[in-house]
Protein chains: 2
Amino acid sequence: MKMSTKGRYGVRAMVHLAVHYGQGPLPVRKIAEKMDVSAKYLDHLMTALRMAGLIRSIRKAHGGYILARSPKEIRLSEVVKVLEGSVAPVDCVDDAGACHQADFCTARDLWQRMQKAMNNVLESTTLDEMAQGQKMKWNNLI
Amino acid sequence: MKMSTKGRYGVRAMVHLAVHYGQGPLPVRKIAEKMDVSAKYLDHLMTALRMAGLIRSIRKAHGGYILARSPKEIRLSEVVKVLEGSVAPVDCVDDAGACHQADFCTARDLWQRMQKAMNNVLESTTLDEMAQGQKMKWNNLI
DNA sequence: AATTATTCCTATAGTTTTGGTAGAAAGCAG
DNA sequence: CTGCTTTCTACCAAAACTATAGGAATAATT
């Protein structure tokens, strides 16, 4: 039940963009540096986020990425969905046809309840809240 | 964020044992047959469940596996824990040392809330409830 | 027009996890 | 002592994951 680095890195990168929202574009190189991960790898994830319409790119010297919308208007559910796909723990939750026993299976009910619980958390959290929380943590270091 | 076949198969196998609780041992072969999965593979999962103390084996002709405790006393959280490990979506949730930025990371707070939401579902569900639900579904087929 | 810092695209490759197979030994009721 | 079952150890193929590499496109700036 682990999330891959796609989801992990991607969410953290989005929080970085949210923290710097309104301060011009942030290049992948800088984000990767801050996060201490491979910039070349983060490249791919940014491309996925761009194609999903969550971020916009400025392709030139001193360019980079910015959020496509205000951090208040981006829910974590969207970010995770792009990078990890559905948070359904098992395929049959989204698609009953994935298992021919799905209709008579209580396990499926359990997976469904787990998915709802996770979605509830992701749906009720915005990037802005994350960015505020992040700033707080950094301020407390002083 | 998908659960592996370990968790999927394991939970369903445990539900089978719960449904037949009190009716003597159930051999892996029969469980696998009902579930339509490889018996040899299910073998491994049963071994893990046995070593965790959730089931007991009767090793002889017409032997098999039985639940080690009453279905009312086995929570799904235990079953999933044995087969999938922690449901933490990211390692840093259980072990802050997994990432040296953990202490100043809001993403970690998010993963933590997701874990709690999932655990809440798994902790509040017993095998007995699952077995009752399963029997209901089958009865409705008539 | 050249420079520069960046995104963007495509290809490749190493490592780990997953999902399963194989075969034989051990236990024990009948 | 036979038959059915668990139990143990080893092995393996395919898929997914986690990158890495190199170069082309872009456009402001010099």
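Residue positions are given per chain, counted from 1 along the sequence in the order it is written. A letter from A marks each chain and a number from 1 marks each ligand, given out in the order of writing. Reporting in this predicted model follows two pLDDT cut-offs: at least 70 for local features of residues, and 80 or more for side-chain atom pairs to be given and counted; totals over whole chains, interfaces and linings ignore these cut-offs and use all residues. To get the side-chain values, take all heavy atoms of the structure and skip hydrogens and water.

How do you make sense of the overall build of chain A when you look at a structure like this?
Counting its secondary structure elements, chain A contains 7 helices and 2 strands. Runs of E in the DSSP output that reach at least two residues are strands. Runs of H or I that reach at least four are helices, and both are numbered from the N terminus. For chain A, the N- to C-terminal ordering of α and β elements is α-α-α-β-β-α-α-α-α. Taken along its principal axes, the extent of the C-alpha atoms in chain A is 55 × 35 × 25 Å. Burial classes follow relative accessibility: with a 1.4 Å probe on protein chains only, a residue under 20% of its type's maximum area counts as buried, one over 50% as exposed, and anything between as partly exposed. Each of the 142 residues in chain A was classed as buried or not, and the buried ones make up 46%. Considering only intrachain contacts with a sequence separation of at least 6, the fraction spanning at least 24 residues in chain A is 62%. For this analysis, residues touch if any pair of their heavy atoms sits within 4.5 Å.

What exactly am I supposed to notice about the environment of Arg56(A) here?
Residue and element names in this part refer to chain A. Note on placement: Arg56 falls in strand E1 (residues 55-58). When the C-alpha atoms of Arg56 and Ala68 are compared, they prove to be 5.4 Å apart, with 12 residues separating the residues in sequence. When residues no more than four places from it in sequence are discounted, the contact partners of Arg56 are Gly64, Tyr65, Ile66 and Ala68.

What's the story with the interface of chain B and chain A in this structure? I'm lost.
The accessible area lost on association of the parts is a frequent measure of interface size. Counting residues at the interface gives 42 residues for chain B and 42 residues for chain A. Note on terms: buried area is the combined drop in 1.4 Å-probe accessible area of two parts once they are placed together, counting the loss on both. Carbon and sulfur atoms supply 65% of the area that chain B and chain A bury against each other, a total of about 3800 Å² over both sides. Considering only the surface of chain B that becomes buried against chain A, Met1(B), Lys2(B) and Thr106(B) emerge as the three largest contributors, covering 19% of it. One side-chain nitrogen of Lys or Arg within 4 Å of one carboxyl oxygen of Asp or Glu is enough to make a salt bridge. Where chain B meets chain A, there are 2 salt bridges. Across the salt bridge formed by Lys137(A) and Asp109(B), the nearest N and O atoms sit 3.3 Å from each other.

Hey, could you run me through the nonpolar core in this one?
Soluble globular proteins: nonpolar side chains tend toward being buried together. Take the buried Ala, Val, Leu, Ile, Met, Phe, Trp, Tyr and Cys residues and link them wherever side-chain atoms come within 4.5 Å; each set so joined is a nonpolar core. Counting residues in hydrophobic clusters, the biggest one holds 94 residues, and the most contacted among them are Leu42(A), Met46(A), Trp111(A), Leu42(B), Met46(B) and Trp111(B). The contact partners of Leu42(A), leaving out residues within four places of it in the chain, are Tyr9(A), Ala13(A), Val28(A), Ile31(A), Ala32(A), Met35(A) and Val37(A).

Hey, could you run me through the protein's contact with DNA strand C in this one?
Neighbouring DNA strand C are 26 residues, the closest being Arg29(A), Ser57(A), Tyr65(A), Thr5(B) and His44(B). Proximity is defined per residue: if any heavy atom of the residue lies within 4 Å of a molecule or strand, that residue is considered near it. The sugar-phosphate share of atoms of DNA strand C within 4 Å of the protein amounts to 67%. Within the side chain of Arg59(A), a nitrogen or oxygen atom sits 3.0 Å from a sugar or linking oxygen of DNA strand C. In protein, a polar contact means a hydrogen-donor-capable atom and an acceptor-capable atom, both N or O and within 3.5 Å, with residues adjacent in sequence counting only if both atoms are side-chain atoms; elsewhere, any N or O pair within 3.5 Å suffices. Side-chain polar atom of Tyr65(A) to a phosphate oxygen of DNA strand C: 2.5 Å apart, as the coordinates give it. Those elements that provide at least two residues to the surface near DNA strand C are helix H2 (28-35), helix H3 (39-51), E1 and strand E2 (64-67) of chain A together with helix H1 (5-19) and helix H3 (39-51) of chain B. In terms of residues, the surface near DNA strand C owes the most to one element, H3(A), which gives 4 residues.

So what exactly am I meant to see when it comes to the relation of the copies chain B and chain A here?
The relation between the two chain copies is a rotation about an axis coupled with a shift along that axis. When the copies are superposed, the least-squares fit takes in the C-alpha atoms of residues with a pLDDT of at least 70 in both. Under the fitted operation, chain B is carried onto chain A by 0.0 Å of movement along the axis and a turn of 180°, and the coordinates agree to an RMSD of 0.1 Å. Taken together, the rotation angle and the small translation identify this as a two-fold axis.

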